[in-house]
Amino acid sequence: LNANALGQKLLCALNQPYELEGSPHHKTPSIGLTLFRDHEERIEDILKRADLAMYQSKAAGRNTVRFYDPSMQAVVMARSALERDMREAVAEGQFVLYYQPVVNAERCTVGHEALVRWRHPQRGMVSPGEFIPVAEQTGLIMPIGQWVLRTACEQLARWATHPATADLTIAVNLSARQLRHQEFAAEVLTILDQTGARAERLKLELTESLLLHDVEETIGKMQQLAARGIRFSLDDFGTGYSSLAYLKRLPLDQLKIDQSFVRDLLTDPNDAAIARTILQLAQSMDLDVVAEGVEQEGQRQFLQALGCKGFQGYLFGRPGPLE
Ligand code: C2E
Ligand code: MG
Ligand code: MG
């Protein structure tokens, strides 16, 4: 209590505006606190804990005091271990691509979505839900994303040589960060040229989060790629920042109904209404629709009755290795 009171006092004092070289300045300090009892602990360790607490108070929006909490350290350590392992994974090629079929109204496979997996030497298969967010924060998504795109394009080129597989598409997921990268469009075109994949068979999946930054530049890059024949799909539609004003300006071909709306489609009237609305919207904007996470025949029939023509989910096949 005393420590906290002192922290608050410091905060107040530092919040007072002050003058620096004639102009007024204002500070919003972040204070981290840690308590220690005896003198056996090393100073560096105590400072490290105070530092962690300070980062917590920065993360909490600054201008505040936070106490050190041991769970903070566990989180930080697990994260830095993941980051270290991921750097190694990039260098050693520990990633694998899984493919999940996308089917049409006749249940014929029209293409696949490429879903990355990490074959961790100790932990086994790690799902993207666990490492993609860290890869995005650390920038490691750039080399990983490049590898995914190249691998998918190499597969397309291989499939193109057999009549049975020549028409299959592959959809690759992109992070907003990849798309924001200055050289993104040029890099994709280089990969197409080097692998010999047909642009028309490649689909790029984006989420609405890309609409949060540099929208004009992003649209420009998308248009450049669309001009080459690459198609774009808006993933997890309805879960993010669905700006209809931007939606009509993006060169999109497809919307994917998020699996969270498909899951309870048959029992939750709200989900059914959302699915119906997305299908109507897509129809009026001349976009294809793929429903994700279709697990039951009843869901498929319901969606098909609403006009849905593309389906993906465990009902047709789980993501699996190429073989
Ligand atoms: P997503 O693109 O929406 O992919 C669909 C996810 O739903 C996949 O999870 C898939 O395994 C899962 N799924 C498919 N059918 C069903 C079903 O019938 N029931 C249920 N319960 N789930 C189903 P996964 O493979 O774990 O991928 C999660 C997310 O990670 C993806 O969501 C995508 O956003 C991201 N991701 C995956 N691969 C990549 C990648 O190469 N690059 C980037 N940037 N993100 C990726
Ligand atoms: Mg996807
Ligand atoms: Mg999705």
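For the structure, check the block above.
Throughout what follows, the structure given in this document is the object of discussion. (Residues numbered from 1 in each chain as written. Chains lettered and ligands numbered in written order. Predicted model: local features only at pLDDT ≥ 70, side-chain atom pairs only at ≥ 80, totals over all residues. Heavy atoms only, no water.)

### As for the pairing of strand 4 (residues 64-67)
Right, on to step 1. With 4 bridges connecting them, strand 3 (residues 30-33) and strand 4 associate as parallel partners. Bridged to I31 within strand 4 is V65. (Pairing = 2+ DSSP bridges. Helix = DSSP H or I, 4+ residues; strand = E, 2+ residues; numbered from the N terminus.)

### Considerations on the pattern of salt bridges
Right, on to step 1. Going through the model one piece at a time under the given rule, you end up with 15 salt bridges.
Right, on to step 2. Among the salt bridges present, the one from R42 reaches D45, with a minimum N-O distance of 3.4 Å.
Right, on to step 3. Here D45 falls in the partly exposed class, since its relative accessible area comes to 31%.
Right, on to step 4. A salt bridge links D193 to R228; its shortest N-O distance comes to 3.3 Å. Here the residue D193 occupies a position in helix 7 (residues 184-195), and R228 occupies one in the loop between helix 8 (215-227) and strand 10 (231-237), the gap between them amounting to 35 residues.
Right, on to step 5. In this structure D193 comes out as exposed when scored by relative accessible area, which is 54%.
Right, on to step 6. Residue R228 is classed as partly exposed on the basis of its relative accessible area of 37%. (Salt bridge = Lys/Arg side-chain N within 4 Å of Asp/Glu carboxyl O. Buried < 20%, exposed > 50% of the residue type's maximum accessible area, 1.4 Å probe, protein only.)

### Here's the deal with the nonpolar core
Right, on to step 1. Core analysis: the biggest nonpolar cluster contains 71 residues, and M86, L204 and L303 have the highest contact counts within it.
Right, on to step 2. When residues in this core are grouped by element, the largest group, 8 residues, is from helix 5 (residues 141-159).
Right, on to step 3. Excluding residues within four positions of it along the chain, L204 makes contact with L149, V172, L174, F184, L225, I230, R231, F232 and S233. (Core = buried A, V, L, I, M, F, W, Y, C linked by side-chain atoms within 4.5 Å. Contact = heavy atoms within 4.5 Å.)

### Quick notes on the coordination of the magnesium ion (ligand 2)
In ideal tetrahedral geometry, four donors around a metal make angles of 109.5 degrees, whereas ideal octahedral geometry with six donors gives angles of 90 or 180 degrees.
Right, on to step 1. Ligation of the magnesium ion (ligand 2) by protein atoms is provided by E113 (OE), N173 (OD1), E205 (OE) and D235 (OD), these donors lying 2.0 to 2.2 Å from the ion.
Right, on to step 2. In this structure the magnesium ion (ligand 3) is found 4.2 Å away from the magnesium ion (ligand 2), and D235 serves as a bridging donor for the pair. Pair noted here: N173 is in strand 8 (residues 169-173) and D235 is in strand 10, with a separation of 62 residues, a long-range link. (Donors = N, O, S within 2.8 Å, 3.2 Å for Na, K, Ca; no water.)

### Quick notes on the side chain of Q312
Right, on to step 1. Summarising the element assignment, Q312 is placed in the loop between strand 13 (310-311) and strand 14 (320-321).
Right, on to step 2. Residue classification places Q312 among the buried positions, given a relative accessible area of 2%.
Right, on to step 3. One polar contact links Q312 to K256, side chain to side chain, over a distance of 2.8 Å.
Right, on to step 4. If we ignore the near neighbours within four places in the chain, the residues touching Q312 are Q100, P101, V102, E113, K256, V290, A291, E292, G293 and V294. (Polar contact = N/O pair within 3.5 Å; in protein donor to acceptor, adjacent residues only side chain to side chain.)

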